[in-house]
Structure formats: C-alpha cells, structure tokens
Amino acid sequence: MPPRNVLLLSLARALGMTGPSVVVLLAGIVGADLAPVPELATLPVSLMVLGTALASIPAALIMQRIGRRNGFVGAALLGVGAAGLGAYAVLAGNFLLLGVAALLIGANSAFAQQYRFAAAESVPEAQAGRAVSIVLFGSILAGYLGPEAATRGQRLLQVPYAGGFLALALLFLASAVALAFLKDIRPTQASVGGSERPLKMIVGQPMFLVAMIASAVSYGVMSLIMTATPVHLHRMQGASLDQTALIIQSHVVAMYLPLLFTGWLTERFGVRRLMLAGAVCLFLTVAVGVMSESLLHYWITLVLLGIGWNLLFVGGTVMLTLSYHPAERFKAQAVNDFVVFGVTALASLSAGAMIFRAGWEAMNLLPLPFLVLVVVSLYLLSTRKLAAPEPAASD
C-alpha cells in the first residue's frame, strides 16, 4: 500500500491537473472568437504554460520556506480564483482577462508539478520511480474530468464555454481540501549532511543536463501538437466539440495510463531505456501526424504523443532526482522546471502561428531535430562519453 502522502498527492493531481486540459480545450476555441488576429487564438494556452514557467522558481522557494502542504493548498486556492476569473472573462468577452486567468492557472500548475518531487521525497530512493508514477497516474482521472468539466459545465451558465471554467473552480477547491491533509516530509539531518554544492556545479552535471533536456523536449513536443489540435480540429476542420474533446481525453489518458507500468519498467529496464522508448514513440507521433488529417489519424497521433511524453518525462524526472543531494532539491527542481516550462511556453505560443501559417504537416515536422538531440544525449550518457554525475547512480 503506497504511503498516505503518495495517495493524497495522486488524488490532488487528479483534481487539480484538470486545469491544463480545460484551458487547452476551451481557451484556444474561445480565443479564436475573441483574439484580435487568428494567430493569437492560442495565446491564452501559451500564457498558461508561461505562468507555469515563471512561477516554477518562486514555487520551489515558497515551499522551501513554508513547506509543501501550505504551498500546495495556497496554490489550489489561487486556482479557484483564476478559474472564476476565466468564467467571468468568457462572460464579458474579454480576451485580456482570459489571458490573465490562464496565466494564473499556469502558476497553480507550477506548484502541482512539484507533486512528483514531494512523492519521491515520501518514499525510499529505490521506490521513487513507482511513487512518481502513482502520483502522475492521478492525471488519468484529470484527463477525464477536465474535458467533462469543459463540456458538461456548459449547463452552469448561459454563455458558451463559461460554465466549463466555473466547474474547474469547484475541482480546484476539492483539490485544496485533499492537500490540507498532506504531511510535510523534510530530509533528515543525516540525509542532508555534507556541504551544499553551488548551483552551477549541480546544473553542469551530464546526468542533470540530459534529464532536463529530455523533460523539456517531451513537454515541448507535447505542448506544440496538443495546443494546436483543438483549434485545427474544431475551427479549421469542422469537427464537433464532443469529437475534439474525445481526442483530447484520449490523449490525456494516454499520457498517464502507462503509469500503471512505468514504475516497474524503470526498475526492470533502467531509466535510460525508458527514455529512449519515449523518444521512439514521439518519432512515431510525427510519422503518423503527417500521413493524413482524418479523425482516426488525429486520434492515433495524440495517443502516441501521450505515451511518448509519459515515458520520456517520467524517465527524465527519475534521472533528475539522482543528480542532486536532498539539501539541493529545491533549487535543482526549480531550475529544471523553469527550463522545461519555458520551452513548453515557447512551443505553445508557436502553435497558433504554425497552424495558421505553415499548416498541420509542417508543424508536426518541427520536433524532429529536438528528438534527435535527445537520442544523441542518451547515447553519449550510456557510452560514458559524458562524465558520471555526483552523486553517482546507475540504472
């Protein structure tokens, strides 16, 4: 039976991480109506990711000062207010306020992204991969709840799409209640022992760099394609909102369903092989994405995208935890998440321009050089051409 913290974090993830899927599904569609030019339709989605990037370092520093539980609960309450603002922005037809709401929902996600690290801290090191998988597995429910809240929430308010944000506020509130029962886990003096290394030394480790690159590429590729899909499908291809929601739901479930096996796969085959498998899935995503623009191909593309993200991101997260000492965790995690979500914000912002100016096929080809970079980095690390990190860890 997983520790209570891990279960609570998984539940909070299931409730709180509905935010990104609601914003991805609705904000681009609403943005297409409210934006001054079509290329800015996905700007609110990009602002959400930018909010995650900008808040990643403050989130880590705040929790270092006030603890994981207080930080997580406060962020969930911020999400309640942000989702309420999103509902008001849709009611008022205000594109600027919609962007602010998305930015604040992204800030909430910066704290929620730390759930995986809190889970790893709650168990022995050998069980970290499994704990991370269990917490991220809660996002399977989020993948269902988010689009359901976006579609069924329409009944709450008269103006289309506004009710989806109101339903999201209620889910954030439930997440805050669950997180209030979390127990703060602080490193023991024995585990923290030793001098804390300079940030430059931590970040300069080959293992840290490879883990960060892999996580950034996995999230960037996923963000680029996922952000563009609802706008392209619903606005440009004429698919219904229900059809679009089904594809996004399938994608989010594919992101997290493999977590039933990811922890075991990490322990059985090692983190580098897991990450390589993720990169291969993302190559297949590109291949299928350029074949056709039928609903079936969209569905296969988004499912492969979810699986590839899962394997590469979970592997990168586990590898990252092996590259720093317990006392260094907050600053190491902050730098990693700032880079990862900075890249993700750039990819999301590029999605609107790419889909309207270059088209679906060209957008799908864009990730190829970055996936090659991941594969080459993993190869160099596996052949020991890159120096071993400190502390050393094998997989």
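Residues numbered from 1 in each chain as written. Predicted model: local features only at pLDDT ≥ 70, side-chain atom pairs only at ≥ 80, totals over all residues. Heavy atoms only, no water.

Caption draft 1: Representation of the pattern of salt bridges in the model. This model, assessed by the stated rule, comprises 3 salt bridges. A salt bridge links Arg-197 to Glu-328; the shortest N-O distance between them is 2.8 Å. In this pair, Arg-197 sits in the loop between α9 (189-192) and α10 (199-203) while Glu-328 sits in the loop between α15 (295-321) and α16 (329-358), placing the two residues 131 residues apart along the sequence. (Salt bridge = Lys/Arg side-chain N within 4 Å of Asp/Glu carboxyl O. Helix = DSSP H or I, 4+ residues; strand = E, 2+ residues; numbered from the N terminus.)

Caption draft 2: Summary view of the nonpolar core. Judged by nonpolar contacts, the single largest core of 92 residues is most densely connected at Val-23, Met-48, Phe-208, Tyr-256, Met-319 and Met-363. The dominant element in this core, judged by the number of residues it contributes, is helix α11 (residues 206-236), at 16 residues. Apart from the residues lying within four places of it in its own chain, the contact partners of Phe-208 are Ile-202, Val-203, Leu-320, Ser-323, Ala-332, Val-335 and Asn-336. Listed in part, the 29 residues of the second largest apolar core include Ala-59, Ala-76, Ala-119 and Ala-142. (Core = buried A, V, L, I, M, F, W, Y, C linked by side-chain atoms within 4.5 Å. Buried < 20%, exposed > 50% of the residue type's maximum accessible area, 1.4 Å probe, protein only. Contact = heavy atoms within 4.5 Å.)

Caption draft 3: Expanded view of helix α13 (residues 259-269). All of the buried residues in α13 are Leu-259, Thr-262, Gly-263 and Thr-266. Each buried residue of α13 lies within a common arc of 95° when the element is viewed along its axis, so the set occupies one face. Across α13 from its buried face, at more than 90 degrees, point the exposed residues Leu-260 and Arg-268. Gly-270 occupies a position one or two residues after α13 and carries a positive phi of about 95°. (Arc of directions from axis to C-beta.)

Caption draft 4: Looking closely at the confidence of the model for the chain. Residue-level pLDDT values for the chain average 83, and 92% of them are 70 or greater. Here residues 188-193 is modelled with pLDDT under 50, and outside its nearest four sequence neighbours on either side it reaches 4 contacts, counting other chains as well. Residue range residues 386-395 is modelled with pLDDT below 50. Its contacts to residues more than four positions away, or to other chains, number 24 contacts. (pLDDT = per-residue confidence, 0-100.)

Caption draft 5: Broad picture of the packing of helix α14 (residues 271-289) against α15. At their nearest, the axes of α14 and α15 sit 8 Å apart, and the two run at 160° to each other. Classified by the angle between their axes, α14 and α15 sit roughly antiparallel to one another. Handedness of the α14/α15 crossing: left-handed. Residue classes in the contact of α14 with α15 are distributed as 17 nonpolar, 8 polar and 1 charged. (Axes fitted to C-alpha atoms, helices over the stretch in contact; angles between N-to-C directions. Parallel < 35°, antiparallel > 145°, perpendicular 65-115°, else oblique. Left-handed = near helix turned anticlockwise from the far one by under 90°. Nonpolar A, V, L, I, M, F, W, Y, C, P; charged D, E, K, R; others polar.)

Caption draft 6: Region of the structure containing the packing of aromatic side chains. Inspection of every chain in the model, using the stated rule, returns 6 aromatic pairs. An aromatic cluster is defined as three or more aromatic residues linked by ring pairs; in this entry it consists of Tyr-219, Trp-309, Phe-313 and Phe-341. Above the face of the Phe-269 ring, Arg-268 is positioned so that its terminal group lies 5.0 Å from the ring centre. (Phe/Tyr/Trp six-rings, centres within 6.5 Å; stacked < 30°, edge-to-face > 60°. Lys NZ or Arg CZ within 6 Å of the ring centre and 35° of its normal.)

Caption draft 7: How the structure looks around the side chain of Gln-113. Along the polypeptide, Gln-113 turns up in the loop between α5 (95-112) and α6 (115-121). A relative accessible area of 2% places Gln-113 in the buried class. The residues contacting Gln-113, other than those within four sequence positions of it, are Arg-13, Met-17, Thr-52, Tyr-219, Phe-313, Asp-337 and Phe-341.

Caption draft 8: Summary view of the environment of Ala-332. Mapping Ala-332 onto the fold places it in helix α16. Accessibility expressed as a relative area gives 0% for Ala-332, which makes it buried. For the pair Ala-332 and Lys-200, spaced 132 residues apart in sequence, the C-alpha to C-alpha distance is 10.0 Å. Look past the residues within four positions of Ala-332 in its chain and what remains in contact with it is Ile-202, Phe-208 and Tyr-324.

Caption draft 9: Examining the environment of Gln-158 more closely. Considering the arrangement of structural elements, one finds Gln-158 in the loop between α7 (128-152) and α8 (162-179). Overall, Gln-158 belongs to the exposed group, its relative accessible area being 80%. Along the sequence, Gln-158 and Lys-331 sit 173 residues apart, while their C-alpha atoms lie 45 Å from each other.

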